[in-house]
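Structural overview for review
As a plain string of letters, each chain reads:
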Amino acid sequence: TPWVHLEGEDFQKQSATAGVRFAFAAPVAVVPVPAAAPVPVPLEREFMVFFGFNQSNLSAQALSTIRQAVNSIRESGSAAIRVIGHTDRAGSIAYNKALSLRRAKSVKTALIGEGIQGETISISGRGESEPLVPTDDGVRESQNRRVHISF
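Residues numbered from 1 in each chain as written. Predicted model: local features only at pLDDT ≥ 70, side-chain atom pairs only at ≥ 80, totals over all residues. Heavy atoms only, no water.

Quick notes on the overall build of the chain
Secondary structure summary: the chain contains 3 helices and 4 strands in total. In the chain, the succession of α and β elements from N to C terminus is α-β-α-β-α-β-β. Residue burial in the chain is summarised as follows: out of 151 residues, 28% are buried. Here the analysis covers contacts within the chain between residues at least 6 apart in sequence; of these, 76% occur between residues at least 24 apart. Carbon together with sulfur atoms contributes 57% to the accessible area of the chain, which is approximately 10,700 Å² in total. (Helix = DSSP H or I, 4+ residues; strand = E, 2+ residues; numbered from the N terminus. Buried < 20%, exposed > 50% of the residue type's maximum accessible area, 1.4 Å probe, protein only. Contact = heavy atoms within 4.5 Å. Areas by Shrake-Rupley, 256 points an atom, 1.4 Å probe, with all protein chains shown as cover.)

Below you can see the structure in the form of structure tokens.
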């Protein structure tokens, strides 16, 4: 080139090599390492049984829901069942606490009648303390008159 000027015999005897290599083979397949299977987390299932005002007896619809819960309990193989009674906010706190417990006992009796072992069922009554639908004191709300069955 006109911009580079080299002098001397030593420089004329030297050589350099440069090259480029191409590979036209298929890419190497990367085999993913299988991840450890996740440990299944048991799902907590919940059913709700509803009651009439100031009642703890089970309607036909309530018995149907209890049968569905029993089938699900058997499928899951659950060993611990929680039955929690609730009331609406009509009535005194003490009365509603006792009514919620009567409702929970009624559901437990029906579960036992369907073949669930009584010692696997724990019951409690929460009265009006945990409404499904928030209301003012003294208000009747059918959604709050319920029992939760969970396992």
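That was the structure; now back to the text.
Points about the sheet that holds strand β4 (residues 146-150)
Pairing is mixed across the open sheet formed by 4 strands, whose spatial order is β1-β4-β2-β3. Single-partner strands in this sheet number two, and they are β1 (46-50) and β3 (121-125). Averaged over all adjacent pairs, the angle separating strand axes in this sheet is 15°, with direction ignored. With 4 bridges connecting them, strand β2 (residues 81-85) and β4 associate as antiparallel partners. The partner of R82 across the bridge, within β4, is S150. Where helix α2 (residues 60-76) meets the sheet, its contacts fall on β1, β2 and β4, and the angle it forms with β1 comes to roughly 165°. Helix α3 (residues 93-113) rests against β1, β2, β3 and β4 of the sheet, and its axis sits at about 160° to β3. (Pairing = 2+ DSSP bridges. Axes fitted to C-alpha atoms, helices over the stretch in contact; angles between N-to-C directions.)

Thoughts on the nonpolar core
Soluble globular proteins: nonpolar side chains tend toward being buried together. In terms of nonpolar packing, the biggest core is built from 19 residues, with I66, I81, V83, V107, L111 and I149 touching the most fellow members. Those elements that provide at least two residues to this core are β1, α2, β2, α3 and β4. It is α2 that provides the largest number of residues to this core, a total of 5 residues. The contacts of I66, once residues within four sequence positions are left out, are V49, L58, V107, A110, L111 and I149. (Core = buried A, V, L, I, M, F, W, Y, C linked by side-chain atoms within 4.5 Å.)

Digging into unusual backbone geometry
For N54, which is not glycine, the phi torsion reads 60° and is therefore positive. With respect to the helices and strands, N54 occurs in the loop between β1 and α2. Residue classification places N54 among the partly exposed residues on the basis of a relative accessible area of 40%.

Regarding the side chain of S72
For S72, the location among the structural elements is in helix α2. The exposure class assigned to S72 is buried, which follows from its relative accessible area of 10%. Residues within four places of S72 in sequence aside, it is in contact with R45, F47 and F151.

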